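Spelled out from the first residue to the last, the chains are:
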Amino acid sequence: MVIETVREPTANFPDEVVNDLPEEINTGVYYGWAKLDNGPVHKMVMSIGWNPYFRNVKKSMETHILNEFGTDFYGSELRICITGYIRPEMDFRTLDDLISTIKIDIATANAQLEKAEMKKFKDHSFFQSESKEDKTVNGFKPH
Ligand SMILES: Cc1cc2nc3c(=O)[nH]c(=O)nc-3n(C[C@H](O)[C@H](O)[C@H](O)COP(=O)(O)O)c2cc1C
């Protein structure tokens, strides 16, 4: 799914995944690693929550993959490994405030994931096995 308003493409998990999240995972903004189908492992930043700015009634998990400029993630397998927490979910006065905060989240995730203790999760065996469906060509997903 692409957020036209925010202009940061995000991939969403189906409701079953969101509903099965462990209770101890609070809403908020997290960072970690993500892999689409059999592509490379990228940095990601993720929002778990009710998106108060948009008055959403449904809890969602939205993953924004850094360096992934594809816009159609629908039907792809998305594996994520959450390695850290950035901030609680917030409401904003304007869309610009939301967008500038998301930009800071992306910069925070980018810097944190450069650390050796975070990089080790990038090579975790969780990301090594093949995806059931291979929609990638030479490691890249065609758009
Ligand atoms: C890194 C990141 C942080 C976000 N933080 C917030 C937040 O604090 N408050 C909020 O209302 N929405 C937040 N959002 C959610 C956006 O508002 C969301 O992408 C928007 O609800 C688009 O929804 P749609 O997919 O229904 O168009 C965040 C999204 C991302 C990717």
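This is a predicted model, so every value here is computed, not measured.

(A) Here's a closer look at the sheet that holds strand β2 (residues 28-36). With respect to topology, five strands assemble into an open sheet ordered β1-β4-β3-β2-β5, the strand pairing being antiparallel. Only two strands of the sheet have a single partner each, and these edge strands are β1 (11-12) and β5 (78-87). Two elements, β2 and β5, share eight bridges in a ladder whose sense is antiparallel. Its bridge partner lying in β5, V29 is registered against R87. The strands touched by helix α2 (residues 95-112) within the sheet are β2, β3 (41-49) and β5, with β3 carrying the most contacts at an inclination of about 135°.

(B) The nonpolar core, seen in detail. Counting residues in each nonpolar core, the largest one holds 18 residues, and the members touching the most others are Y31, A34, M44, V45 and M46. A total of six residues in this core trace back to one element, the largest contributor, which is β2. Residue contacts for V45: discarding those within four places in its chain leaves V29, Y31, H64, D105, I106 and A109.

(C) Region of interest: α2. Helix length check: α2, at 18 residues, gives a terminal C-alpha distance of 26 Å against a target of 26 Å (1.5 Å per residue), a fit within 8%. Looking at α2, one finds that the buried residues are I102, D105 and A109. Down the axis, α2 shows its buried residues gathered within 55° of arc, on one side only. Facing away from the buried side of α2, by more than 90 degrees, are the exposed residues D96, S100, K103, I104, A107 and A111. Check the buried side of α2 and you find it contacts β2, β3 and β5.

(D) View of the pairing of β2. By the criterion of burial, β2 is predominantly enclosed, with eight of the nine residues buried. For β2 and β3, the ladder comprises eight bridges, and the chain directions are antiparallel. Paired with K35 across the bridge in β3 is V41. Hairpin geometry of β2 and β3 is characterised by an intervening segment of four residues between the two adjacent antiparallel strands and by a positive phi of about 45° at D37.

Rules used in this analysis
- Residues numbered from 1 in each chain as written.
- Predicted model: local features only at pLDDT ≥ 70, side-chain atom pairs only at ≥ 80, totals over all residues.
- Pairing = 2+ DSSP bridges.
- Helix = DSSP H or I, 4+ residues; strand = E, 2+ residues; numbered from the N terminus.
- Contact = placed C-beta atoms within 7 Å.
- Axes fitted to C-alpha atoms, helices over the stretch in contact; angles between N-to-C directions.
- Core = buried A, V, L, I, M, F, W, Y, C linked by C-beta atoms within 7 Å.
- Buried ≥ 20, exposed ≤ 12 C-beta atoms within 10 Å, placed from the backbone.
- Expected span 1.5 Å × (residues − 1).
- Arc of directions from axis to C-beta.

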